[in-house]
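Coordinate analysis (summary)
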Amino acid sequence: MKKIRRKTKIKYSPIHKPKVTIYRSRIIHPVSPLQVEEFKDGALVVDAGGKIVACGDYARYQKANGVKYDQAKLVDKRGGIIIPGLIDCHLHLPQLDLRGKHGATLLDWLKKYIFPAETAFANQRLAEDLSKRFFKKLILNGTTTAAIYTTIHAKSTDHVFKIAKASGVRVIIGKVMMDMYSPAGLQENTHNSLKESEALCSKWHGSSGGRLMYAFTPRFAPTCSEEMWLEVGKLARESGAYIQTHIAETKAENERVKELFPDYKDYTEIYEENDCLGPKTILGHAIYLTDDELRRLAKTKTKLVHCPTSNFFLKSGRMPVELIEEHGITYGLGTDVGAGTSMSLFTTMRHADYVQPHLAVSPVKAFYLATLGGAKALSLDSSVGNFKAGKAADFCTVDISAIDPRYKLGELSADEILSLLMYRGNGSVIKETYVNGQRLDVDGLKIKGEKISFI
Ligand SMILES: [Zn+2]
């Protein structure tokens, strides 16, 4: 791992100085897939609006700005580590309680567990209860940004947005769209699906200061008509919102797509021809794609999500990350709950390594994918992902001794810390989670009579 040293002093105007909070701690954040920047005694300086003013060495900061300290609030987090908030690029909220329920294949698992649970999500009380537990678990796992699928139910999705708003987490959310070959209770009328999605998008996309965003969310090609894809493409262009969907997760799914869409030369062409590809399109899985398809995804700057825990669980295969990187395609990590069994991005990070038989995914690289890489995959890297000045202060505080009390922070290198988090970490190491400089309060999501853990 290469460490880079800061050459310039932290720029800070002493005259028009805003009120700031300084978090003093060990700080590790990514600058590229191969590099992290580390401050053993660091200062993360956050303004009253929740933006990062500076990130650097504490002593240097104190020397440059010490006189003005009466205007700054110092929060001493020494003994812990501050890292950027984790970014989950793909997960399904209504599947929270189905994690770990075994299905032989993707299509079997959908039929046996997922479709009945998604049908039940029409019940708004259930949707509200599940949403509260879900967002609480995101916070407890240090996930500050997430791209979330709900179900076809517009009212329940509206509830999910309300709870997301109250939770403080940064989200991209979409009502699932399914207008063909779907199980009874989950099949929609095309026109209604589009109208309801459009209404949710205009109500929520860009609200709460941009923290809440909308994604048009057709489930995948086997359950959505050509008309649906065409209209979704138009709606996404008009609104500036995202499109999220799945592609080529299993061989059986690819076969089904061939049967249903014989006029298209491959899976990608269905999305391509209907103007559903682009920088704000987020495709989950991308396991069985040809070289030519990858070339076209790269050309349109479409983003992919790697969900190794889910791919392990359903024995779907593995995303060929070496090919995807060769094509220069940007991708992030997704827990893909509920086929993914864990809400923790640390689990996904280690599985990203385990799932590759010949390729080593280093802790630095996995950390990048779960933070800045994820931000790039969601086109949010100008505002989150690391501690560059001007970005939003989305971060977590980490206690490495939660992995093993015998670990002494001072004796561990940045490489070792990231390695321990990747291979042994879970929600127990996350002590606090902040979005826009605000500490997220898990008890703010009033949940009666149930103790919610990170698991
Ligand atoms: Zn999924």
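All of the points below concern the structure found in this document. Here the structure is a predicted model, which means the values were calculated and not measured.

**Considerations on the coordination of the zinc ion**
Bound to the zinc ion on the protein side are His90 (NE2), His92 (NE2), His246 (NE2) and Asp336 (OD), at distances that span 2.1 to 2.7 Å. Angles of 86 to 170° at the metal separate the 4 donor atoms of the zinc ion, which places the site in the irregular class. The sequence pattern formed by the donor residues of the zinc ion is H-x1-H-x153-H-x89-D. A residue pair is termed long-range when its members are at least 10 positions apart, and His90 in strand β6 (residues 86-92) and His246 in strand β11 (residues 242-247) qualify at 156 residues.

**So, the pattern of salt bridges**
By the definition in use, this model includes 26 salt bridges. Residues Glu432 and Lys77 are paired through a salt bridge, measuring 2.8 Å at the closest nitrogen-oxygen approach. Here Glu432 is found in strand β16 (residues 430-435), whereas its partner Lys77 is found in strand β5 (residues 72-84), with 355 residues between them in sequence. What you see here is one network of salt bridges that share partners, running through Lys265, Asp266, Glu272, Asp292, Arg295 and Arg296.

**Considering the packing of aromatic side chains**
Evaluated as defined, the whole model comprises 12 aromatic pairs. Measuring from ring centre to ring centre gives 5.4 Å for Tyr23 and Tyr434, while their planes differ by 70°; the resulting arrangement is edge-to-face. Here Tyr23 is found in strand β2 (residues 20-32), whereas its partner Tyr434 is found in strand β16, with 411 residues between them in sequence. Ring plane angle 70° and centroid distance 6.0 Å describe the contact between Phe261 and Tyr264, whose orientation is recorded as edge-to-face. Owing to a relative accessible area of 14%, Tyr264 belongs among the buried residues under this scheme. Three or more aromatic residues link up through ring pairs in this structure, and these residues are Phe161, Trp204, Tyr214 and Phe216. Between the NZ or CZ atom of Arg256 and the centre of the ring of Tyr181, over which it lies, the distance is 4.9 Å. Between Lys280 and the ring centre of Tyr242, over which it is positioned, the NZ or CZ distance is 4.5 Å.

**A closer look at the pairing of strand β8 (residues 170-174)**
Looking along a regular strand, one sees the side chains alternate between the two faces of the sheet. Among the 5 residues that make up β8, 5 are buried, leaving the element largely enclosed by the rest of the structure. Where strand β7 (residues 143-149) meets β8, 5 bridges bridge the pair, whose relative direction is parallel. Bridge assignment links Thr145 to a residue of β8, and that residue is Arg170. Handedness of the crossover joining β7 and β8 through helix α4 (residues 154-167) is recorded here as right-handed. Pairing of β8 with strand β10 (residues 212-218) involves 3 bridges; the strand directions are parallel. Residue Ile172 lies in a different strand from β10, and its bridge partner there is Met213.

**Digging into the nonpolar core**
A general feature of soluble globular proteins is that nonpolar side chains tend to end up buried together. Counting residues in each nonpolar core, the largest one holds 99 residues, and the members touching the most others are Phe135 and Tyr271. Looking at which domains feed residues into this core, each of domain 1 (2-84 + 387-444) and domain 2 (86-377) supplies at least three. Beyond its immediate stretch of four places on either side in the chain, Phe135 contacts Leu93, Ile148, Val160, Ile163, Ala164, Ser167, Val169, Val171, Ile173 and Leu445. Ala215, Tyr242, Leu378 and Leu380 belong to the second-largest nonpolar core, a separate cluster that totals 16 residues.

**Considerations on the side chain of Lys175**
Structurally, Lys175 can be placed in the loop between β8 and β9 (176-177). For Lys175, a relative accessible area of 0% puts it in the buried group. Engagement of the side chain of Lys175 in a polar contact is seen with the side chain of Glu188, the distance being 2.4 Å.

**Regarding the state of the cysteines**
A full pass over the atoms with the stated rule returns 0 disulfides. The structure places no disulfide on Cys55, whose sulfur is separated from the nearest cysteine sulfur, that of Cys396, by 14 Å. Residue classification places Cys55 among the buried positions, given a relative accessible area of 3%. Note on Cys201: no disulfide assigned, nearest cysteine sulfur contributed by Cys276 at a separation of 14 Å.

**Digging into the packing of helix α3 (residues 124-140) against α4**
Relative to each other, α3 and α4 sit at 35°, their axes nearing to 9 Å. For the pair α3 and α4, the sense of crossing is right-handed. Residue-level inspection shows Gln124, Ala127, Glu128, Ser131, Lys132, Phe135 and Ile139 of α3 in contact with α4, the latter providing Lys155, Ser156, His159, Val160, Ile163, Ala164 and Ser167. Its residues assigned to classes, the contact of α3 with α4 comprises 6 nonpolar, 5 polar and 3 charged.

**Considering the side chain of Arg24**
Here Arg24 lies in strand β2. A relative accessible area of 15% places Arg24 in the buried class. Within the structure, Arg24 has its side chain in polar contact with the side chain of Asp41 (distance 2.8 Å).

Reading guide: rules and limits
Residues numbered from 1 in each chain as written. Predicted model: local features only at pLDDT ≥ 70, side-chain atom pairs only at ≥ 80, totals over all residues. Heavy atoms only, no water. Donors = N, O, S within 2.8 Å, 3.2 Å for Na, K, Ca; no water. Tetrahedral: all angles 85-135°; square planar, octahedral: opposite > 155°, others 65-115°. Helix = DSSP H or I, 4+ residues; strand = E, 2+ residues; numbered from the N terminus. Salt bridge = Lys/Arg side-chain N within 4 Å of Asp/Glu carboxyl O. Phe/Tyr/Trp six-rings, centres within 6.5 Å; stacked < 30°, edge-to-face > 60°. Buried < 20%, exposed > 50% of the residue type's maximum accessible area, 1.4 Å probe, protein only. Lys NZ or Arg CZ within 6 Å of the ring centre and 35° of its normal. Pairing = 2+ DSSP bridges. Right-handed = clockwise from strand over helix to strand, strands pointing away. Core = buried A, V, L, I, M, F, W, Y, C linked by side-chain atoms within 4.5 Å. Domains from an automatic or database assignment. Contact = heavy atoms within 4.5 Å. Polar contact = N/O pair within 3.5 Å; in protein donor to acceptor, adjacent residues only side chain to side chain. Disulfide = S-S within 2.5 Å. Axes fitted to C-alpha atoms, helices over the stretch in contact; angles between N-to-C directions. Left-handed = near helix turned anticlockwise from the far one by under 90°. Nonpolar A, V, L, I, M, F, W, Y, C, P; charged D, E, K, R; others polar.

Scope: geometric values only; no functional claims are made or implied.
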